[in-house]
Amino acid sequence: MNNDRHHFDTSRSRAQVAAFRTRDFVAERRVIRFSRTVPAPPQEIFPQLCPTRECDWIDGWRSELVYTDSGYGEDRCVFRTDENNITGPGLWTFSHVEAPRLLKIVRVAPPFLQHLSIALEARPDGATDTHWTVTVTALAPEGNRALQGMPADDEAFAGSAEALAHFFREGKMKPKENGGGGGHGRGHEHGHEHGHEHGNGHGHEHGNSRAGQLHGLLSGASRWLREQGGE
């Protein structure tokens, strides 16, 4: 057997790369990051980042479990949301779990694919700094058009983290404001994207600014992207 890699026939893979670089559709991607402090330690917060438990603290969150051994969030669990969820329809899975410090989630919601990462960092005072990263990739031209107009203000996507902080301060779901929800964001809609956040958009009217409508991480992001992608 010839182990000289320079003699391997790589013409097919090189042709595929060449076609990729010259294709008509070039997917765009946006990354949104923000941090919030939650008044509880990581070991108490982490279990709440769960498709089952989120209905306790995200107003408008409903999900259907597809696969989980425990009935709660766990490594490689799968769940879906539909039109009745604050985030709109999507298929979700936990792609990486390191309790109680890191959770990664993937959501398929055409014309977008969303990656959500939530990192928990313990503070000396017993609270936790939560760091949220949402990566949104367009899967089609309409997704690109939506991403091009996405607000750059990270504060617009922090609704889920704020809802989580409220839950630990008050022991209950954040009440609606101005007819909106308290979680992820979609007309309320999510913003998990579960998160994960699922912010809620606090229900600002369509006449308000885009940033005002987008309240919530996956919540706000998902809601806004979904509305724009459908235009």
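These figures come from a predicted structure and were not determined experimentally. (Residues numbered from 1 in each chain as written. Predicted model: local features only at pLDDT ≥ 70, side-chain atom pairs only at ≥ 80, totals over all residues. Heavy atoms only, no water.)

1. Side note on the nonpolar core
So, step 1. Judged by nonpolar contacts, the single largest core of 34 residues is most densely connected at Leu49, Trp57, Trp132 and Leu164.
So, step 2. Elements represented by at least two residues in this core include exactly β1 (29-38), β4 (90-98), β5 (102-109), β6 (112-122), β7 (128-138), α3 (141-148) and α4 (159-170).
So, step 3. Broken down by element, this core gets its largest block of residues, five residues, from α4. (Core = buried A, V, L, I, M, F, W, Y, C linked by side-chain atoms within 4.5 Å. Buried < 20%, exposed > 50% of the residue type's maximum accessible area, 1.4 Å probe, protein only. Helix = DSSP H or I, 4+ residues; strand = E, 2+ residues; numbered from the N terminus.)

2. Points about the side chain of Asn144
So, step 1. Within the secondary structure, Asn144 is located in helix α3.
So, step 2. We classify Asn144 as buried; its relative accessible area is 8%.
So, step 3. When residues no more than four places from it in sequence are discounted, the contact partners of Asn144 are Phe25, Val26, Ala27, Glu28 and Ala138. (Contact = heavy atoms within 4.5 Å.)

3. As for the state of the cysteines
So, step 1. Tallying each qualifying case throughout the model produces zero disulfides.
So, step 2. Note on Cys50: no disulfide assigned, nearest cysteine sulfur contributed by Cys77 at a separation of 7.3 Å.
So, step 3. No disulfide involves Cys55; its sulfur sits 8.5 Å from that of Cys50, the nearest cysteine.
So, step 4. Classification of Cys55 by relative accessible area gives partly exposed; the value is 40%. (Disulfide = S-S within 2.5 Å.)

4. Points about the confidence of the model for the protein chain
Any region with low pLDDT has predicted coordinates that should not be read closely.
So, step 1. Averaged over every residue, the pLDDT of the protein chain is 80; the share at 70 or more is 70%.
So, step 2. Taken as a whole, residues 179-218 scores under 50 in pLDDT and shows 249 contacts with residues more than four places along the chain or in a different chain. (pLDDT = per-residue confidence, 0-100.)

5. Quick notes on the pattern of salt bridges
So, step 1. Counted under the stated rule, the structure contains seven salt bridges.
So, step 2. A salt bridge links Arg12 to Asp9; its shortest N-O distance comes to 3.6 Å. For the pair Arg12 and Asp9, a shared accessibility class is recorded, and that class is exposed.
So, step 3. A salt bridge links Arg101 to Glu98; the shortest N-O distance between them is 2.7 Å.
So, step 4. Using a relative accessible area of 46% as the deciding quantity, one classes Arg101 as partly exposed.
So, step 5. Here the residues in one salt-bridge network are Arg123, Asp125 and Asp129, joined through shared partners. (Salt bridge = Lys/Arg side-chain N within 4 Å of Asp/Glu carboxyl O.)

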